[in-house]
Amino acid sequence: MKISWLDLSDRIKYELQQREEEGNDVSELRAEWSALEDSGLNEENKKVDSEKFYHKLENFPFTIENQINEPSEWNEIIQITNVKPDNVSSFISEFIEDRILGGWLGRSAGCLLGKPIEKTPRSGIKELLTSNNTWPIKDYITGRGISDILLKKYPWNKHSGKESLKENIECMTEDDDMNYPMINLLVFEKFGEEFLTEHIIQTWMENFPSLSTFTAERVAYANTIAGFNPPETALIRNPYREWIGAQIRADFWGWISPSQPIRAAEFAWRDARLSHARNGIYGEMFFASAISLAFQYNDVKEIITKALDVIPPKSRLASAINYVLSLPVETQSWEETVDALYNEFGKYHWVHTINNAALVVAALISSKGDYETAICNVVMGGWDTDSNGATVGSILGTMMGAKNLPSKWINPLNNKIRSSLKGFDNSLLSDLSKRTSVLAKYKS
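Residues numbered from 1 in each chain as written. Predicted model: local features only at pLDDT ≥ 70, side-chain atom pairs only at ≥ 80, totals over all residues. Heavy atoms only, no water.

Engineer: Sorry, what's going on with the layout of surface pockets here?
Structural biologist: Vacant regions in the atomic arrangement are exposed by a probe of water-molecule size rolled over the atoms. Its volume calculated, the largest pocket comes out at about 600 Å³. Contributing to the lining of the largest pocket are 32 residues, with Trp5, Lys119, His159, Phe214 and Arg218 lying nearest its centre. Taken together, the elements giving at least two residues each to the lining of the largest pocket come down to α1 (8-21), α8 (176-191), α10 (215-225) and α20 (385-400). Its residues placed into classes, the lining of the largest pocket shows 11 nonpolar, 7 polar and 14 charged. Here the second largest pocket is characterised by a volume of approximately 450 Å³. Lining the second largest pocket are 14 residues, with Leu6, Asp7, Leu8, Ser9 and Lys47 positioned closest to its centre. Broken down by secondary-structure element, the contributors of at least two residues to the lining of the second largest pocket are α1 and α3 (43-59). At 6 residues, the largest contribution of residues to the lining of the second largest pocket is made by α3. (1 Å grid on protein atoms, 1.4 Å probe; cavity = no way out; pocket = protein on both sides within 12 Å on 5 of 7 lines; lining within 4 Å. Points joined across faces, edges and corners; volume = space filled by probe spheres on them. Helix = DSSP H or I, 4+ residues; strand = E, 2+ residues; numbered from the N terminus. Nonpolar A, V, L, I, M, F, W, Y, C, P; charged D, E, K, R; others polar.)

This is the structure:
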């Protein structure tokens with residue numbers, strides 16, 4: 001039985017890619033692996049040889065080209081960043097409750113928009129939606145008017161994709177992007193501010209079906225079962241350690257830390273180190289801080305610029321975000337912006353942290369604070385459509401508050417969310433928001 005993301009051959013392929021991104025020449029190793037794959041060995045012998053090859057990779061003298069500028073430990077990260085201590089700000093409770101509800105609703109709607117076409121390439125999204133005259137995107141995606149031929153070429157996401165089409169929407173469908181703020185809510189309710197990374201994996205194992213996790217999270221889950229502890233859970237045979245998995249777990253830490261970006265980043269670091277390293281960690285820290293700052297600022301560019309302070313300034317993620325900030329996003333067409341991003345970051349896997357973070361930042365800037373423009377632009381940009389829609393929706397939802405979100409996007413949710421987490425299926429979004437608001441730290 002092949003289990004996705006744990007399969008040895010998949011992990012070898014992506015480990016080679018990861019090592020190349022870290023600055024290594026892997027051409028000879030890649031040729032050796034390709035020859036092994038094409039050797040015609042039976043499955044048993046191929047498995048033995050694959051295990052030997054992976055062992056060789058684990059002991060190969062790889063380097064990390066930018067290691068000095070990309071640490072994974074909190075104290076080392078803080079030493080090279082431009083952070084200043086947080087101040088606990090004063091807010092009225094009604095303001096906090098509205099902003100946090102806006103974050104939950106905004107994240108849900110953005111995720112739901114991108115869900116049917118997750119895994120579909122950018123060109124395929126355009127081909128699908130042009131065929132039924134719904135391109136550019138201005139509403140939830142519909143399957144009406146799309147031919148069976150096209151749907152065979154670009155099938156809807158197998159994880160509740162059909163249920164997420166406009167004509168079928170009854171609530172926020174089950175999705176890992178929405179499971180993570182719920183599981184982090186549970187962690188904080190149980191363990192409070194002193195929670196440890198070990199508490200997070202304990203909570204996962206008690207409440208999170210293993211196959212509802214993906215990429216680095218699934219590896220961390222398996223590594224825990226094998227007896228490893230954090231941060232080894234993130235480092236043992238985990239080629240997905242700089243992919244998007246931690247980035248999609250950022251929101252809750254920002255919601256409970258209004259206008260406290262360092263607190264949000266530190267909580268995010270504790271979470272991310274379970275499954276990620278370097279830029280994979282920074283993605284969660286950056287967006288947790290951005291959400292925290294969305295309580296204070298109403299300009300997305302200011303939020304992005306200030307959130308940059310919490311991540312290493314010479315990291316590849318910081319460089320990617322600064323590249324986006326250098327583009328004339330507000331004046332050129334969205335297609336021109338996305339073309340530039342694909343040209344610059346197209347080498348990364350479609351669920352990598354760096355390319356998707358860049359796309360999220362570009363969509364936020366392009367929107368000039370308009371919720372619909374932001375989520376539609378980021379989903380039209382492709383790559384990880386539901387994750388990016390969720391993150392964009394969360395930041396703007398938190399910045400705008402629930403009262404200001406357009407009913408066109410919020411009403412179809414019917415205030416309900418499905419989940420594979422124990423005890424969370426059919427939750428009310430308003431209830432989740434209230435539970436989150438109780439935990440937010442601020443002066444009243």
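Engineer: Hey, could you run me through the packing of aromatic side chains in this one?
Structural biologist: For any pair of aromatic rings, geometry is given as the distance between the ring centres together with the angle between the planes. In this structure the tally under the stated criterion is 26 aromatic pairs. Relative to Trp255, the ring of Trp104 has its centre 4.9 Å away and its plane inclined at 35°; by these criteria the two rings are tilted. With Trp104 in helix α5 (residues 93-114) and Trp255 in helix α12 (residues 251-255), this residue pair connects regions lying 151 residues apart in the sequence. Each of the two residues, Trp104 as well as Trp255, counts as buried. Ring pairing ties together the aromatic residues Phe188, Phe195, Phe252, Trp253 and Phe267, which thus form one cluster. Over the aromatic face of Tyr180 sits the side chain of Arg249, whose NZ or CZ is 5.8 Å from the ring centroid. The cationic tip of Arg270 hangs over the ring face of Phe195; the distance from NZ or CZ to the ring centre is 4.6 Å. (Phe/Tyr/Trp six-rings, centres within 6.5 Å; stacked < 30°, edge-to-face > 60°. Buried < 20%, exposed > 50% of the residue type's maximum accessible area, 1.4 Å probe, protein only. Lys NZ or Arg CZ within 6 Å of the ring centre and 35° of its normal.)

Engineer: Sorry, what's going on with the nonpolar core here?
Structural biologist: Note that soluble globular proteins tend to have their nonpolar side chains buried in a common cluster. By size, the foremost hydrophobic cluster in this structure holds 129 residues, and its most contacted members are Met285 and Ile311. The element best represented in this core is helix α18 (residues 353-367), accounting for 10 residues. Ile12, Val26, Leu29 and Leu36 belong to the second-largest nonpolar core, a separate cluster that totals 11 residues. (Core = buried A, V, L, I, M, F, W, Y, C linked by side-chain atoms within 4.5 Å.)

Engineer: Where do I start with the environment of Lys403 in this structure?
Structural biologist: Here Lys403 shows up in the loop between α20 and α21 (407-410). Here the alpha-carbon distance between Lys403 and Asp98, two residues 305 residues apart in the chain, equals 6.9 Å.

Engineer: Could you clarify how one ought to interpret the pattern of salt bridges in this entry?
Structural biologist: For side chains of opposite charge, pairing can occur when their charged atoms come near one another. Within this structure, the stated rule accounts for 27 salt bridges. Taking the shortest distance from any N to any O, the salt bridge between Glu189 and Arg435 comes out at 2.7 Å. Taken together, the residues span a long stretch of sequence, with Glu189 in helix α8 and Arg435 in helix α22 (residues 429-439) at a distance of 246 residues. Of the charged contacts, one joins Lys190 and Glu206 as a salt bridge, the two residues approaching to 3.6 Å between their closest N and O atoms. Here Glu206 lies in helix α9 (residues 197-207) and Lys190 lies in helix α8, a separation of 16 residues in the sequence. (Salt bridge = Lys/Arg side-chain N within 4 Å of Asp/Glu carboxyl O.)

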